[in-house]
Amino acid sequence: QVHLVESGGGLVQPGGSLRLSCAATRSESDFSINTMGWYRQAPGKQRELVATITVAGITNYADSVKGRFTISRDNVKNPMYLQMNSLEPEDTAVYYCNAAVVRRGLWYSYWGQGTQVTVSS
């Protein structure tokens, strides 16, 4: 099992910043965490990709957050971060951490419980 826990959400005014963190813990050492990502789901909408990052540090962003959000990770200690700047009301959503994990040749997808981000004046 891989357990993901998000933190750092909250209420912020438009134009403000927040930094989300995702802490990953593994129940067994043979779980290999590969690509990690952030997704979000606004009320009444489907969950959507925000950003992903590979083990090699290659990043991918949704067009709506390019230039405002930065994803990063620490491959040794396994936390992942999402620095969110110039936040807009449209960024309001529950943000979820995701990890693609390999164990004994099989791939698994794990999700955190989510953290609420609200952008409002």
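Residues numbered from 1 in each chain as written. Predicted model: local features only at pLDDT ≥ 70, side-chain atom pairs only at ≥ 80, totals over all residues. Heavy atoms only, no water.

Asker: In this structure, what is going on with the nonpolar core? I would like to understand it.
Answerer: Most often, soluble globular proteins keep nonpolar side chains buried together rather than apart. If you look at the biggest cluster of nonpolar residues, it comprises 32 residues, and the most contacted ones within it are L4, W38, L82, M84 and Y95. Elements with a minimum of two residues in this core: β1 (2-7), β3 (18-26), β4 (32-41), β5 (48-53), β7 (69-73), β8 (80-84), β9 (93-103) and β11 (115-119). Counting residues per element, this core draws most heavily on β9, which supplies five residues. Apart from residues no more than four positions distant in its own chain, M84 is found in contact with G16, S17, L18, L20, R68, F69, Y95 and V117. (Core = buried A, V, L, I, M, F, W, Y, C linked by side-chain atoms within 4.5 Å. Buried < 20%, exposed > 50% of the residue type's maximum accessible area, 1.4 Å probe, protein only. Helix = DSSP H or I, 4+ residues; strand = E, 2+ residues; numbered from the N terminus. Contact = heavy atoms within 4.5 Å.)

Asker: I would appreciate a short explanation of the side chain of E6 in the present structure.
Answerer: Along the chain, E6 falls in strand β1. The charged side chain of E6 is buried without a salt bridge, its nearest counter-charge being R47 at 7.5 Å. Of the polar contacts made by the side chain of E6, one reaches the backbone nitrogen of C97; its length is 2.8 Å. At 3.0 Å, the side chain of E6 and the backbone nitrogen of Q113 are in polar contact. (Lys, Arg positive; Asp, Glu negative; His and termini not counted. Salt bridge = Lys/Arg side-chain N within 4 Å of Asp/Glu carboxyl O. Polar contact = N/O pair within 3.5 Å; in protein donor to acceptor, adjacent residues only side chain to side chain.)

Purely spatial values, then, with no claim about function.
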